[in-house]
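Topology and contacts: notes
Below, each chain spelled out in residue letters.
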Amino acid sequence: MATVWDLVLEGVLAEYDPKPPTLPGYEPQPKQSIAEQLAGEVFEMLYGGAAGGGKSYWLRHSAVLYCLTHPGAYVAIVRRTLPMLRKTHHRPLQDICRGLATHNKSDLSWTFPNGAVLQLISLTHDGDEQDYKSVEFDRLYFDELTEFTEAQYTYMLTRLRSSNGHPTAAIGATNPEGVGYAWVKRRFVKPRPGDLAEGQGQPVACEPWRPPLPDGSGPGRARVFVPATLLDNPALLAANPEYEMTLRSMTDPRKRKALLEGDWDAMDQVQGAQFSLTNIDNHRVHKAPADLARVVVGYDPATTFTATSDETGIVAAASAQATRPRQMYVLADRSARFGSPEQAARTCVDVAWSVQADAIVYETNQGGDYVKAALNSALRHAVKEGRWKGPLPKVLGVHAKRGKALRAEPVSVYYDQGQVHHVGPFEELEGQMTTWTPGNDSPDRLDALVYAITHLEEKAAPAGPVPIRSLW
Ligand SMILES: Nc1ncnc2c1ncn2[C@@H]1O[C@H](COP(=O)(O)OP(=O)(O)O)[C@@H](O)[C@H]1O
Ligand SMILES: [Mg+2]
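Residues numbered from 1 in each chain as written. Chains lettered and ligands numbered in written order. Predicted model: local features only at pLDDT ≥ 70, side-chain atom pairs only at ≥ 80, totals over all residues. Heavy atoms only, no water.

Take helix α15 (residues 444-458) next. A rise of 1.5 Å per residue sets the reference length of α15, with its 15 residues, at 21 Å; its end C-alpha atoms lie 21 Å apart and thus fit the reference within 8%. Most of α15 sits inside the fold, with 13 of its 15 residues counted as buried. (Helix = DSSP H or I, 4+ residues; strand = E, 2+ residues; numbered from the N terminus. Expected span 1.5 Å × (residues − 1). Buried < 20%, exposed > 50% of the residue type's maximum accessible area, 1.4 Å probe, protein only.)

Next up, the structure:
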């Protein structure tokens, strides 16, 4: 068996030889070799497509190869939750690293003789990425990138900084679905025209490209998208000839196309979806008008707060003064998976303060009393700590007499009529809006949006100020 040093030597030789370094027992398939090579040429890469294409398998071997060839490197494989990491990567990595690295069970890391460390980390709750504030990574591998929010991902990019002078990169792998589908697609697969420099064409698969820097000062760091299809993985098809059949028998035609063919457009063309991205794009604005009539925060709290809980929907919207038909503006989406009901309520109050909301609207059907109590308590704290000054927002429970689909329907009509404007992009919210079809559980961000818009449309005049003592 090759020693670590043989492998390091192979890594050095790879500079002269187009054949990338490999691991004992690992035979990359052609697409996996392409991914390996491109990962070394860019700052951000997405390996995305069909389920079973061999993405996760490549990702963990690539992470180990990087450690073997980059002394002292700190590399992480990131998934949204720890149970997911344990289920998908832990056991296979123990097999791959046997004899190559020392495993530390307590922090799920492997230390290589050259000082490189590979660790499994999770970012379960929004904000967990802040735990890595003073950490430097050489390479980050995000498996199932669409599980993360763009804010989590871009924060982690700032942690890529090699004190060893190694080339740094963020590598994502994913299927074309999930809460982050819209931002991942826009970032890697199909940028919007405004994301590209003037005259810059749409990126081409497997060809690195440079998006313009937001301040217009020139091109930014290179990105690349590597598409994956099931056909990339003959090993899987040979061992499990019925796997393709499993994918083919999925009833949702969009999911079928996404997971079977790795089609990144499939989830956009949602048959029966109530909202279309083209419509949202057509009415998007950069700034809300200064004279807003009413400002409201829609709040749809999760009922549990564990790693696998739903998100809490927090969406702020406003209506413009005296316009007919009424023009409405979506101002903020701060929905997230919070660690506790208090944290969720506090964030809702922070958002209400930041947009100067005159009302917070929540649904009373599920634990309404608790929700109201949590919001009032968060407001009390905000007042005590000086984070809230002046008139307080009304905390209003709405009782959903009708089903969720029925409540979303009029809201989608306001969108169709061009009455609702998104102030900037809200990738995750829009991802949920454009992939949800009535009859399925409506996602939390969408619910919060529906509460907010319904309230704005129903209430003409602004609410009066609420006396502070009403909170106690
Ligand atoms: N190079 C390879 N050699 C042998 N088996 C492979 C290889 N690449 C992938 N596989 C197998 O194919 C299956 C699916 O791969 P996986 O990486 O989990 O797919 P994806 O993450 O794209 O859904 C796995 O069971 C894995 O063991
Ligand atoms: Mg996978």
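On inspection of all chains with the given rule, the structure shows 26 salt bridges. With its nearest N and O atoms 3.2 Å apart, the salt bridge here joins R98 to D95. With a relative accessible area of 45%, D95 lands in the partly exposed category. We note a salt bridge from R186 to E427, for which the minimum N-O separation is 2.5 Å. Of the two residues, R186 is situated in helix α6 (residues 181-189) and E427 in helix α14 (residues 427-435); the sequence distance between them amounts to 241 residues. Salt bridges sharing common partners tie together R186, R192, D195, R284, E427 and E430. (Salt bridge = Lys/Arg side-chain N within 4 Å of Asp/Glu carboxyl O.)

What follows covers the site of ligand 1. Around ligand 1 sit 14 residues in total, of which G52, K55, S56, Y57 and N233 are the nearest. In this structure, S56 approaches ligand 1 through a side-chain N or O atom, which is 2.9 Å from an oxygen atom. Here Y57 contributes a backbone N or O atom positioned 2.7 Å from an oxygen atom of ligand 1. Of all elements in the fold, only α3 (55-69) and α7 (234-239) reach the threshold of two or more residues within the shell around ligand 1. Top contributing element to the shell around ligand 1 by residue count: α3, with three residues. When the residues that make up the shell around ligand 1 are grouped by side-chain class, the tally is five nonpolar, seven polar and two charged. (Near = heavy atom within 4 Å. Polar contact = N/O pair within 3.5 Å; in protein donor to acceptor, adjacent residues only side chain to side chain. Nonpolar A, V, L, I, M, F, W, Y, C, P; charged D, E, K, R; others polar.)

Strand order in the open sheet formed by six strands is β13-β12-β9-β10-β11-β14, with mixed pairing between adjacent strands. The sheet is open, and its two edges are formed by β13 (394-398) and β14 (420-422), each paired on a single side. The sheet shows a mean angle of 25° between the axes of neighbouring strands, taken without regard to direction. Pairing between strand β9 (residues 292-300) and strand β12 (residues 359-363): four bridges, direction parallel. In the strand pairing of β12, V296 is matched with A359. In the packing of helix α11 (residues 341-354) onto the sheet, the strands contacted are β9, β10 (313-320) and β12, and the crossing angle to β9 comes to about 170°. Against the sheet, helix α12 (residues 368-384) contacts β9, β12 and β13, and its axis sits at roughly 155° relative to β12. (Pairing = 2+ DSSP bridges. Axes fitted to C-alpha atoms, helices over the stretch in contact; angles between N-to-C directions. Contact = heavy atoms within 4.5 Å.)

Summary statistics for the protein give a mean pLDDT of 88 and a share of 91% for residues scoring 70 or more. Scored below 50 in pLDDT, residues 1-6 shows five contacts in the model against residues more than four places distant or in partner chains. Across residues 461-472, confidence stays below pLDDT 50; counting only partners more than four residues off in sequence or on other chains, it has 19 contacts. (pLDDT = per-residue confidence, 0-100.)

Before going further, it helps to spend a moment on the packing of helix α2 (residues 30-39) against α3. At a closest axis distance of 11 Å, the pairing of α2 and α3 adopts a crossing angle of 45°. One way to sum up the angle between α2 and α3 is to call them oblique. α3 is crossed by α2, and the crossing has right-handed handedness. For the pair α2 and α3, contact is made by Q32, A35, E36 and A39 and by Y57, W58, S62 and L65, respectively. (Parallel < 35°, antiparallel > 145°, perpendicular 65-115°, else oblique. Left-handed = near helix turned anticlockwise from the far one by under 90°.)

This part takes up the packing of aromatic side chains. Following the criterion strictly, the structure yields 13 aromatic pairs and no others. On the basis of an interplanar angle of 65° and a centroid distance of 6.3 Å, the ring pair of W58 and Y141 is categorised as edge-to-face. Of the two residues, W58 is situated in helix α3 and Y141 in strand β6 (residues 139-143); the sequence distance between them amounts to 83 residues. Given a relative accessible area of 0%, W58 falls into the buried group. Ring plane angle 5° and centroid distance 6.0 Å describe the contact between Y181 and W264, whose orientation is recorded as stacked. Of the two residues, Y181 is situated in helix α6 and W264 in the loop between α9 (253-261) and α10 (277-282); the sequence distance between them amounts to 83 residues. Three or more aromatic residues joined by ring pairs form one cluster here, namely F142, F148, Y153, W183 and F188. For R221, the ring lying beneath its charged end belongs to F43, and the centroid distance is 3.7 Å. (Phe/Tyr/Trp six-rings, centres within 6.5 Å; stacked < 30°, edge-to-face > 60°. Lys NZ or Arg CZ within 6 Å of the ring centre and 35° of its normal.)

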